[in-house]
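Take a look at the letters that make up each chain.
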Amino acid sequence: MSALFVAARAVHYASAMLLFGEIVFAIAVARPAWRFARDGAGAVGESIDHRVLAATRWSVIAGIVSGAIWFAAEAAVMSGTPIGQAINRETLGQVVGSTLFGRVWTLRLGLVLVLGGALLALGGSASGWRRSTAAIGAAVAAAAYLGSLAWVGHAVARQGLDDGTQIAADVAHLLAAGAWLGALPAFVRCLGGTLTLDGIARVTRRFSNLGMASVGVLFASGLSNAWHLVGDVPALFGTDYGRLLLTKLGLFAAMLVLAMANRGYVTPRLAAGDRAAPRRLRRNAVLEIVAGTGVVLIVGALGVTVPASHQPPVWPFDHTLGWQRIEEAAWVQLVLAAAGATACIAVAILVSGLLGRPPRIRFAALAGVVVPAGLFAWLLVVPAHPTTYSTSPVRYTADAIASGSRLYAVHCIGCHGRNGQGDGAAATSLPLPPASLTERVPNRREGDLFWWIAHGIPGTPMPGFASLLGDADIWDLIQFLDAQSEARNAAAMTDRVKPLRPVVAPDFAFEFIGRPQESLERQREGRVTLLVFYTLPESLPRLRQLAMNERALRAAGARVIAVPASASSSAVDAGIAGDGESIFAMASPEVANAYAMFAGEADGSNEGARMHVEFLVDRHGYLRVRWIGVPDPAFERTADTLDQVDLLVHEPPRAPVQRGHRH
């Protein structure tokens, strides 16, 4: 099924590109060829001959057959049945009437009919203007037929119809590929015909210009597609889609080299009267077709492969580039600063008048550039693992942090200690002291942390836990380690807005009585959140004050969410009088347990925060202000809260917290 799907897609793409390319070649390139033909066959100056018409007609037939097979295979995939069972009126009717793919295919069937009519008119036209009109109509229909394939690709599957930029890039990519690759067979036929050397030179120059324009469009649109469907270099090397794309790029590069050889070396030989030049041109063009056929086959496979941006990459190399070694050692930074200064001086020498001095000065200056560059590259190379560029499928939530906390208490606290400082009870018995997690974790990729937890760290006492923990458990543990590191930054929070420190507020679900469930991440958009963890009866005065001022806080741009500080704390009576919406929410006890980490002091103590703590979460998802304990008198904090909310509301906009929130 998969092989049939890929083959049908490849043939369909190839036929559509060949159809468009033949017509473009005839209109934009071939006119001079017939003008200078020896046998006078092109004396009338028509742009399309019977060979072009034959190629386009066979392309239409191949497109119809391959399109029917593609449609049937797609119907089988959508219905979840074998292709033989999927070919029935009910299934095919649902695909046509209920899916974007079916509607696009219906449109393309109409375009085939229009195109067939235009080709018939073209073949039956005798006069020049009618023939030219039919050729232009066929070119427009062929462009629409080829470009409409963008609506059955990954761009629409990923973004729907809203991302017009990517769809436009796909259309441009298809048309440029058709104009170059689809026109190559017609160019090869020209080179094997009866044209004079001068006629071949004219055709070659025109085709070369067409190819250069097509390559420019292919390059720009390809970058756009890669940005959306691949995303980054690790995905390019670490996914099936990325490796297929690399192979496609390799074949494209080979085609580009052949085209450059034709333009830069063989074409000038034509102008010089070299009779062997047409044979070299034809050989290179045939090789371009072979490479282009490989490109089309890969395009067929890419269409049934999950895009690289949708799957975690498996890094295939033992090393990668990273800043860890430079960030962790001050002496390395000093050495690099000195090397950078040396390189700047060397560059100044190379571009100054000293170039005229003895060669040893030039060689020394060149070494002053090469050696620092090599040193910098060497320091950037760091060990890597298959999961280095994997990102957590587990979101940064209170539940994940609480789950990771329990796992940490069982498997990690003995060595790393309660706060990750490497001061656990078993640390003194180890040959090497455990590293401080609060310092190391923020500077490490999630994927590296996953690998080390699962497989251990060679040369250290750190064991692997893959036999004890599942993948989801390890990702939960990583979320807890992130929270543990960010709790250290949270210790600097006060009751005043300070310059941003990246302390991310873990997401959690909550619910007000009689209202649908919400989440912190979704409700905070455009608003500041006052998050209150309370204990009864100690927190009652403050809660009454907040309930009475809920409307004023909401008008200032803040929403109040109050939840019990611990599982043992009873929920407040929702009947407390207020002048606005209820502020009392129901949430999992894990929420208070997770947020207690951000309410402690630098030494990790948070006993006071277990009674009553309030946070201001800014519009972008960061914890910015913290009050610990019940205020006395209560009304003073309300006024202060309004002041701090106003500061956060009027802060300049910045990028919101991403799901992969590491800094």
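See the structure above.
Residues numbered from 1 in each chain as written. Predicted model: local features only at pLDDT ≥ 70, side-chain atom pairs only at ≥ 80, totals over all residues. Heavy atoms only, no water.

Quick notes on the overall build of the protein chain
Next, step 1: A tally of regular secondary structure across the protein chain gives 27 helices and nine strands.
Next, step 2: Evaluated residue by residue, the protein chain yields a buried proportion of 48% over its 663 residues.
Next, step 3: Considering only contacts within the protein chain whose residues lie at least 6 apart along the sequence, 74% involve residues at least 24 apart.
Next, step 4: Carbon together with sulfur atoms contributes 63% to the accessible area of the protein chain, which is approximately 31,300 Å² in total. (Helix = DSSP H or I, 4+ residues; strand = E, 2+ residues; numbered from the N terminus. Buried < 20%, exposed > 50% of the residue type's maximum accessible area, 1.4 Å probe, protein only. Contact = heavy atoms within 4.5 Å. Areas by Shrake-Rupley, 256 points an atom, 1.4 Å probe, with all protein chains shown as cover.)

What about the packing of aromatic side chains?
Next, step 1: Taken as a whole and judged by the stated rule, the model has 22 aromatic pairs.
Next, step 2: An angle of 80 degrees between the planes, with centres 5.2 Å apart, marks the rings of W315 and F317 as edge-to-face.
Next, step 3: Residue class for W315 comes out buried when judged on its relative accessible area of 8%.
Next, step 4: The rings of F508, F510, F512, F533, Y595, F598 and F615 are connected pair by pair, giving a single aromatic cluster.
Next, step 5: Lying over the aromatic face of W105, R108 brings its terminal NZ or CZ to 5.1 Å of the ring centre.
Next, step 6: In this structure, R108 is placed above the aromatic ring of Y145, and the distance from its NZ or CZ to the ring centre is 4.1 Å. (Phe/Tyr/Trp six-rings, centres within 6.5 Å; stacked < 30°, edge-to-face > 60°. Lys NZ or Arg CZ within 6 Å of the ring centre and 35° of its normal.)

Concerning a nonpolar patch on the surface
Next, step 1: A surface patch of nonpolar side chains, amounting to about 480 Å² of accessible area, comprises L4, W58, I61, V65 and I69.
Next, step 2: When residues in the nonpolar patch are grouped by element, the largest group, four residues, is from helix 3 (residues 50-79).
Next, step 3: Counting through the fold element by element, W58 comes out in helix 3.
Next, step 4: On the accessibility criterion, W58 (61% relative accessible area) is exposed. (Patch = residues over 30% accessible without salt bridge, like charges linked within 9 Å, V, L, I, M, F, W, Y side chains within 5 Å. Salt bridge = Lys/Arg side-chain N within 4 Å of Asp/Glu carboxyl O.)

A look at the sheet that holds strand 9 (residues 623-628)
Next, step 1: Sheet architecture is open: four strands sit in the order 6-5-8-9, paired in mixed fashion. Looking along the sheet, the strands with just one partner apiece sit at the ends: strand 6 (558-564) and strand 9. This sheet shows a mean twist of 15 degrees between the axes of neighbouring strands, independent of strand direction.
Next, step 2: The pairing of strand 5 (residues 528-534) with strand 8 (residues 613-617) spans five bridges and is classified as antiparallel. Within strand 8, the residue paired with L530 across the bridge is L616.
Next, step 3: Here helix 24 (residues 540-548) sits on the sheet in contact with strand 5, strand 6 and strand 8, set at roughly 155 degrees to strand 5. (Pairing = 2+ DSSP bridges. Axes fitted to C-alpha atoms, helices over the stretch in contact; angles between N-to-C directions.)

As for the packing of helix 11 (residues 197-229) against helix 13 (residues 240-271)
Next, step 1: Relative orientation of the contacting elements helix 11 and helix 13 amounts to 155 degrees, with a least axis distance of 10 Å. As the angle between them shows, helix 11 and helix 13 are arranged roughly antiparallel. Read as a crossing pair, helix 11 and helix 13 show a hand that is left-handed. Only Y241, F252, L256, R263, T267 and L270 of helix 13 make contact with helix 11, whose side of the interface consists of L197, I200, A201, T204, R205, S208, N209, M212, V215, L218 and L229.
Next, step 2: Taken together, the residues of the contact of helix 11 with helix 13 break down into eleven nonpolar, four polar and two charged. (Parallel < 35°, antiparallel > 145°, perpendicular 65-115°, else oblique. Left-handed = near helix turned anticlockwise from the far one by under 90°. Nonpolar A, V, L, I, M, F, W, Y, C, P; charged D, E, K, R; others polar.)

A look at the pattern of salt bridges
Next, step 1: Summed over all chains, the structure comprises 14 salt bridges.
Next, step 2: A salt bridge links D507 to R395; its shortest N-O distance comes to 2.8 Å. Here D507, found in the loop between helix 22 (471-490) and strand 3 (509-511), pairs with R395, found in the loop between strand 2 (381-383) and helix 18 (398-411); they are 112 residues apart in sequence, far enough to count as distant.
Next, step 3: Given the relative accessible area of 9%, D507 is considered buried.
Next, step 4: We note a salt bridge from R496 to D495, for which the minimum N-O separation is 3.8 Å.

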